[in-house]
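Residue-level structure breakdown
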Amino acid sequence: MCLFCKIAKKEIASNIILEDEEFIAFHDINPKAPVHILAIPKQHVDSFDEADSLLMGKISKFIQNVASEVKIQKSGYRVITNIGENGGQEVKHLHFHVLGGAKLKWDHFSDADPQGHF
Ligand code: AMP
Ligand code: ZN
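Presented here is an overview of the structure given in this document. Everything numeric in this text was worked out from a predicted model, so none of it was measured.

Some remarks on the overall build of the chain
For the chain, the helix and strand inventory stands at three helices and five strands. Along its sequence from the N terminus, the chain presents helices and strands in the succession α-β-β-β-α-β-α-β. Against the compact-globule benchmark of 13 Å for 118 residues, the chain has a radius of gyration of 15 Å, which places it among compact chains. Dimensions of the chain along its principal axes, counting C-alpha atoms only, are 45 × 35 × 30 Å. Each of the 118 residues in the chain was classed as buried or not, and the buried ones make up 32%. Partitioning the intrachain contacts of the chain with sequence separation of at least 6 by distance along the chain shows that 53% fall at a separation of at least 24. Carbon together with sulfur atoms contributes 51% to the accessible area of the chain, which is approximately 8,100 Å² in total. Averaging the locations of the 13 positively and 16 negatively charged side chains of the chain gives two centres separated by 8 Å.

Written out as structure tokens, the structure reads:
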């Protein structure tokens, strides 16, 4: 069973913010912003690339509720999901990073030439 499946089943402790039957949100153990929460489906899904529209619709609403719960909805926030090797996905269980609580940077994703691919 993967790490986030164990967190979803409470076999590994986490700092839970919001939970319903299908989803759970908890604090990232290594925060990259004043607010850094992970929102996941309890059911294992490998990544965004495997997610269907029903799941995406439901988790979108759940993430909005998480933002409201921690009071970053008005000030703004960022939702990120990393996919696979180049995406930087370390935990192979679909998760959305919900970041906020301060003005976030938007300047540097890669050392490769951003104009280089197409
Ligand atoms: P990613 O690189 O997108 O796969 O993100 C994985 C995230 O999970 C990282 O931001 C880690 O800090 C976080 N993480 C790893 N283990 C735990 C844990 N036990 N509890 C909470 N967050 C974790
Ligand atoms: Zn899993």
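Observations concerning the site of ligand 1
Near ligand 1 lie 16 residues; those nearest to it are D28, N82, E90, H95 and H97. One of the backbone nitrogen or oxygen atoms of V91 is found 2.9 Å away from an oxygen atom of ligand 1. Taking H97, its side chain carries an N or O atom lying 2.9 Å from an oxygen atom of ligand 1. In isolation ligand 1 has 510 Å² of accessible area, and contact with the protein removes 85% of it. Mapped by element, the contributors of at least two residues to the shell around ligand 1 are α1 (3–8) and β2 (23–27). It is α1 that provides the largest number of residues to the shell around ligand 1, a total of three residues. A class-by-class count of the residues in the shell around ligand 1 yields seven nonpolar, seven polar and two charged.

Rules used throughout
Residues numbered from 1 in each chain as written. Chains lettered and ligands numbered in written order. Predicted model: local features only at pLDDT ≥ 70, side-chain atom pairs only at ≥ 80, totals over all residues. Heavy atoms only, no water. Helix = DSSP H or I, 4+ residues; strand = E, 2+ residues; numbered from the N terminus. Rg over C-alpha atoms; globule rule 2.2 N^0.38 Å. Buried < 20%, exposed > 50% of the residue type's maximum accessible area, 1.4 Å probe, protein only. Contact = heavy atoms within 4.5 Å. Areas by Shrake-Rupley, 256 points an atom, 1.4 Å probe, with all protein chains shown as cover. Lys, Arg positive; Asp, Glu negative; His and termini not counted. Charge placed at Lys NZ, Arg CZ, Asp CG, Glu CD. Near = heavy atom within 4 Å. Polar contact = N/O pair within 3.5 Å; in protein donor to acceptor, adjacent residues only side chain to side chain. Nonpolar A, V, L, I, M, F, W, Y, C, P; charged D, E, K, R; others polar.

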